[in-house]
Amino acid sequence: MRTVSASSTTPAGRGPILGIESSCDETGVAVYDLAFGLRAHALYSQVALHAEYGGVVPELASRDHVRKLLPLIRQTLAESGVAVGELGGVAYTAGPGLVGALLVGAGVARSLAWALDVPAIGVHHMEGHLLAPLMEDPTLKPPFVALLVSGGHTQLIGVKAIGDYQLLGETLDDAAGEAFDKTAKMMGLPYPGGPHLAKLAATGTPGVYKFSRPMTDRPGLDFSFSGLKTQVLLAWQKSDQSDATRADIARGFEDAVVDTLAIKCARALEAAGMDTLIVAGGVGANVRLRAKLQAQAEQHGGRVSFPRPAFCTDNGAMIAYAGALRLAAGQHDDANVDVRPRWDMAGLPPLGARQGIENRE
Ligand code: KG4
Ligand code: ZN
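Here is what the cut-offs are and how they apply
- Residues numbered from 1 in each chain as written.
- Chains lettered and ligands numbered in written order.
- Predicted model: local features only at pLDDT ≥ 70, side-chain atom pairs only at ≥ 80, totals over all residues.
- Heavy atoms only, no water.
- Helix = DSSP H or I, 4+ residues; strand = E, 2+ residues; numbered from the N terminus.
- Expected span 1.5 Å × (residues − 1).
- Bend = angle between axes of the 7 residues up to and from the residue.
- Buried < 20%, exposed > 50% of the residue type's maximum accessible area, 1.4 Å probe, protein only.
- Contact = heavy atoms within 4.5 Å.
- Core = buried A, V, L, I, M, F, W, Y, C linked by side-chain atoms within 4.5 Å.
- Donors = N, O, S within 2.8 Å, 3.2 Å for Na, K, Ca; no water.

Enquirer: Break down helix α2 (residues 58-80) for me, citing the residues and quoting the values.
Expert: Under the 1.5 Å per step criterion, the end-to-end length of α2 is 31 Å for 23 residues, consistent within 8% with the ideal 33 Å. Where α2 bends most, the angle comes to about 35°, and this point is K68, followed within four residues by the proline P71. Residues of α2 that are buried: A61, S62, D64, H65, L69, L72, I73, T76, L77 and S80. Where the residues of α2 are buried, they touch β1 (17-21), β2 (26-33), β3 (37-45), α1 (47-51) and α3 (99-116). Phi turns positive one or two residues past the end of α2, at G81, with a value near 75°.

Written as structure tokens, this is what we have:
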């Protein structure tokens, strides 16, 4: 491949940063520039590919990332008006996620960075989610509490500074998104269940089915959603299984998850002595969760911030943004194509630290 240097006026790690997300079933690409904001972003969802299997098939996901990533990069660069040689760095999701899917993004990102002679950085997928609200609202600054609610994670994190993450509470079993997906599947809804269940719940009557708010009757900030899923299964099995009942059960389940998350968020803010909550991850797109947390913030005089729904679910913009911040702080990875299917966010270096994150452990 031809070697093209980054624009001579742009120091390495600055200027437009290409971001690549490929940790699961969405191929996301974006160009973000700390000086000019988001230049372009594009997403290719594999939902149709996995739908007939009722869940993500990892090998199919990897192969589809291989097919879609390069065309999506070309498309995003064209839309951004940034020539490939003007990129100041490349950011990619290094974990957590599906190993094969991650390797596709990491391999392409590292090769491109090497060819362009610009730095590359492996971004923690959940840090990408966590920072997405800041990308959307530059007035937002730590300290704050972050609620990360995705298909694989449900965590409350105390954020004193970017890169300074203290785990306050997390799920002991299923993640909130996973509970949405499994519950939807049990009631015969198509994959991916979360958004389908939420849509159905909007037509259900509140209070017809009342499920417990797990672990809210005792102190602490941890969650547990697997018992709730079982309660819903039993209610569904005992019911007439009509469309109206399905909607009422969906509404009861959604209300239980939303209330539980809201109660724990209020507790976490109080425990941390903070008044700002940010919400990120796919479940953050849930309309009822957004409304509930907004109402709660207004009641308590606090503030809550969410990214737009498209940046709650997986996307390349959050990876480009998180990577741009870390590259601008002088951090980068070495030349290995290295991914971390499991990766604890607490081990990330603070943003101020200038060491390469190759030393992360
Ligand atoms: O962050 P994300 O796109 O991928 C992961 O990193 O996991 O989150 C996906 C999860 C899925 O479990 C999906 O069902 C859930 O977010 N989700 C929703 C909604 N939209 C996506 N759950 C409830 N209501 C929604 N509107
Ligand atoms: Zn995600």
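Enquirer: Now, about the nonpolar core: what can you tell me, with residues and values included?
Expert: The biggest cluster of nonpolar side chains holds 62 residues, and the ones touching the most others in it are L18, I20, L130, L131 and Y165. Residue contributions to this core peak at nine residues, all from helix α11 (residues 316-328). Excluding residues that lie within four positions of it along the chain, Y165 makes contacts with E127, L130, L131, I157, G158, V159, M345, A346 and L348. Formed by 42 residues, the second largest nonpolar core is a distinct cluster that contains L228, L261, A268 and V283.

Enquirer: Describe the coordination of the zinc ion (ligand 2), with residues and values.
Expert: The coordination sphere of the zinc ion (ligand 2) contains the protein donors H125 (NE2), H129 (NE2) and D314 (OD), at a distance range of 2.0 to 2.1 Å. Written as a sequence motif, the donor arrangement for the zinc ion (ligand 2) is H-x3-H-x184-D. Here D314 lies in the loop between α10 (309-312) and α11 and H129 lies in helix α4 (residues 125-136), a separation of 185 residues in the sequence. A relative accessible area of 14% places D314 in the buried class.

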